[in-house]
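Per-entry structural report
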Amino acid sequence: MAKEIKTIGVLTSGGDAPGMNAAIRAVVRTAIARGVKVKGIKKGYQGLLNEEISDMEARHVSDMIQLGGTVLGTARCMEFMTPEGQQKGADICREYGIDGIVVIGGDGTYRGAQKLSALGINTIAIPGTIDLDIACTDYTIGFDTAVNTAMQAIDKVKDTSASHERCSIIEVMGRDAGYIALWCGIANGAEDILIPEKYDYNEQSIINSIINNRRRGKTHHLIINAEGIGHSTSMAKRIEAATGIETRATILGYMQRGGTPTAKDRYFASIMGAYAVDIMLAGKTNRTVGYRHGEFVDYDIDEALQMKKEIDPYQYEVSSLLSI
């Protein structure tokens, strides 16, 4: 028989994502509504090991759903990657009477939850990452805000760049996944989209495209470059040298992580937070919440971490068709 859950912890780990606060709020208020106590854990797994743990009441999550970032703070923790650190974390949970933990973050956060579950601590994970790179879910908290933030910034750069008839390389976040770049490339009308999953590093083809487009009367060329490709500044110098066309690089950076979360991120985070609590109280552990085919679902974390996510080939084909 599953152990009765009387107290749960909640933490955010890894990179912050807009909407995490909405998820925290939903976890706290759903748990309290179900008669369960909640403890907030500051600074992710590092805060767990440092025992930065405090009680949370419904009032503690008032007026925060509209805030970017995470009020619990986040950090990366090398110690928790070791068996000793993981055992210490499980022992601290028991010391504080924490029967289960809801963790909000990406793959690294999931791996931490997986280890705690193996040590007897009920764990449920919620996908919070702007990269949309968790394979078991069609949606991750923070992506919608990040891609809209990037889109709006690119529009502004494009306005001034078009006025000067420049080539623009705009670098967006996405070290291993090109979803932000793909979405912005289509939404901003880019001529080229460079993403880790598809880029063949044939820079000459980009140069040829810029020259051919200029001959056809196109006065501006927009390249969206994912962080995983990088080197935007040096690429701009090479393109300018080869084409004679003024080329500027703009790196959007961490602005994409911040800002007021969109309605979609607030909504999805709220439902996922409540769902995480309810499946834990139903006796589930080592699960991750997801959204697939229009429904909120949950998967075994072991299974989820083995899944691979790829760029939809048709969507990428469309991005090329629309750039002509």
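Residues numbered from 1 in each chain as written. Predicted model: local features only at pLDDT ≥ 70, side-chain atom pairs only at ≥ 80, totals over all residues. Heavy atoms only, no water.

1. Considering the overall build of the protein
- Looking only at helices and strands, one finds 11 helices and 11 strands in the protein.
- Its C-alpha atoms give the protein a radius of gyration of 22 Å, within 12% of the compact-globule value 20 Å for 324 residues.
- Seen through its principal axes, the protein has C-alpha atoms that stretch 70 × 35 × 35 Å.
- The proportion of buried residues among the 324 residues of the protein is 52%. (Helix = DSSP H or I, 4+ residues; strand = E, 2+ residues; numbered from the N terminus. Rg over C-alpha atoms; globule rule 2.2 N^0.38 Å. Buried < 20%, exposed > 50% of the residue type's maximum accessible area, 1.4 Å probe, protein only.)

2. Some words on the sheet that holds strand β11 (residues 295-300)
- With respect to topology, seven strands assemble into an open sheet ordered β3-β2-β1-β4-β5-β10-β11, the strand pairing being mixed. Unpaired on one side and paired on the other, β3 (53-56) and β11 mark the two borders of the sheet. Each strand of the sheet is rotated relative to its neighbour by a mean of 30 degrees, with strand direction disregarded.
- Both strand β2 (residues 37-41) and β3 contribute to a ladder of four bridges, which runs antiparallel. Pairing of Val38 across the sheet is with Met56, part of β3. (Pairing = 2+ DSSP bridges. Axes fitted to C-alpha atoms, helices over the stretch in contact; angles between N-to-C directions.)

3. Re the sheet that holds strand β7 (residues 192-194)
- Pairing is parallel in the open sheet, where four strands are placed in the order β7-β8-β6-β9. Two strands in the sheet have a free side with no partner beyond their single neighbour: β7 and β9 (247-251). Averaged over neighbouring strand pairs, the angle between their axes works out to 15 degrees when direction is ignored.

4. So, helix α6 (residues 179-187)
- If you check which residues of α6 are buried, you get Tyr179, Ile180, Ala181, Leu182, Cys184 and Gly185.
- Turning to α6, the residues buried within the fold contact α5 (143-163), β6 (167-172), β7, β8 (221-226) and α11 (313-321). (Contact = heavy atoms within 4.5 Å.)

5. With respect to the pairing of β11
- Relative to β11, strand β10 (residues 287-292) is paired through six bridges, and the arrangement is antiparallel. The residue of β11 that forms the bridge with Arg292 is Glu295.
- Hairpin remark: β10 followed by β11, antiparallel, with two residues in the connecting loop; positive phi at His293, about 55 degrees.

6. Quick notes on helix α3 (residues 83-95)
- Taking 1.5 Å of rise per residue, the 13 residues of α3 would be expected to cover 18 Å, and the 18 Å separating its terminal C-alpha atoms lies within 8% of that figure.
- Turning to α3, its buried residues are Gly85, Gln86, Gly89, Ala90, Ile92 and Cys93. Along the axis of α3, the buried positions cluster into a sector of 160 degrees, meaning they face one direction only. In this structure, α3 carries Pro83, Glu84 and Glu95 as exposed residues pointing more than 90 degrees from its buried face.
- Check the buried side of α3 and you find it contacts α2 (44-49), β3, β4 (100-105) and α4 (107-118).
- Following α3 by one or two positions, Gly97 adopts a phi angle in the positive range, close to 75 degrees. (Expected span 1.5 Å × (residues − 1). Arc of directions from axis to C-beta.)

7. Quick word on the packing of aromatic side chains
- Taken as a whole and assessed by the stated rule, the structure comprises eight aromatic pairs.
- Each ring, one from Tyr45 and one from Phe80, has its centre 4.3 Å from the other, and the planes form 5 degrees; the classification is stacked. In this pair, Tyr45 sits in helix α2 while Phe80 sits in the loop between β3 and α3, placing the two residues 35 residues apart along the sequence. Take Tyr45 and Phe80: they sit in the same class, and that class is buried.
- Seen in terms of ring centroids, Tyr267 and Phe268 are 6.1 Å apart; in terms of plane orientation they differ by 75 degrees. Their pairing is edge-to-face.
- Among the aromatic residues, ring-to-ring pairing joins Tyr139, Tyr267, Phe268, Tyr291 and Phe296 into one connected group.
- The ring of Tyr179 carries Lys309 above its face, with NZ or CZ at 5.2 Å from the centroid. (Phe/Tyr/Trp six-rings, centres within 6.5 Å; stacked < 30°, edge-to-face > 60°. Lys NZ or Arg CZ within 6 Å of the ring centre and 35° of its normal.)

8. Here we look at the packing of α5 against α6
- Packing of α5 against α6 leaves a shortest axis separation of 10 Å and a crossing angle of 45 degrees. When the interaxial angle is binned, α5 and α6 end up oblique. At the point where α5 passes α6, the crossing takes the right-handed sense. Between α5 and α6, the contacting residues are Phe143, Ala146, Val147, Ala150, Met151 and Ile154 on the first element and Tyr179, Ile180, Trp183, Cys184 and Ala187 on the second.
- Here the residues of the contact of α5 with α6 sort into 11 nonpolar, no polar and no charged. (Parallel < 35°, antiparallel > 145°, perpendicular 65-115°, else oblique. Left-handed = near helix turned anticlockwise from the far one by under 90°. Nonpolar A, V, L, I, M, F, W, Y, C, P; charged D, E, K, R; others polar.)

9. A word on the pairing of β8
- For β8, the buried fraction is high: six of the six residues fall into the buried class.
- By the alternation rule, side chains of β8 split into His221, Ile223 and Asn225 and Leu222, Ile224 and Ala226, which are all buried.
- Here β6 pairs with β8 via six bridges, running parallel. Bridged to Ile169 within β8 is Ile223.
- With three bridges connecting them, β7 and β8 associate as parallel partners.

Bear in mind that shape data such as this cannot, by itself, settle questions of function.
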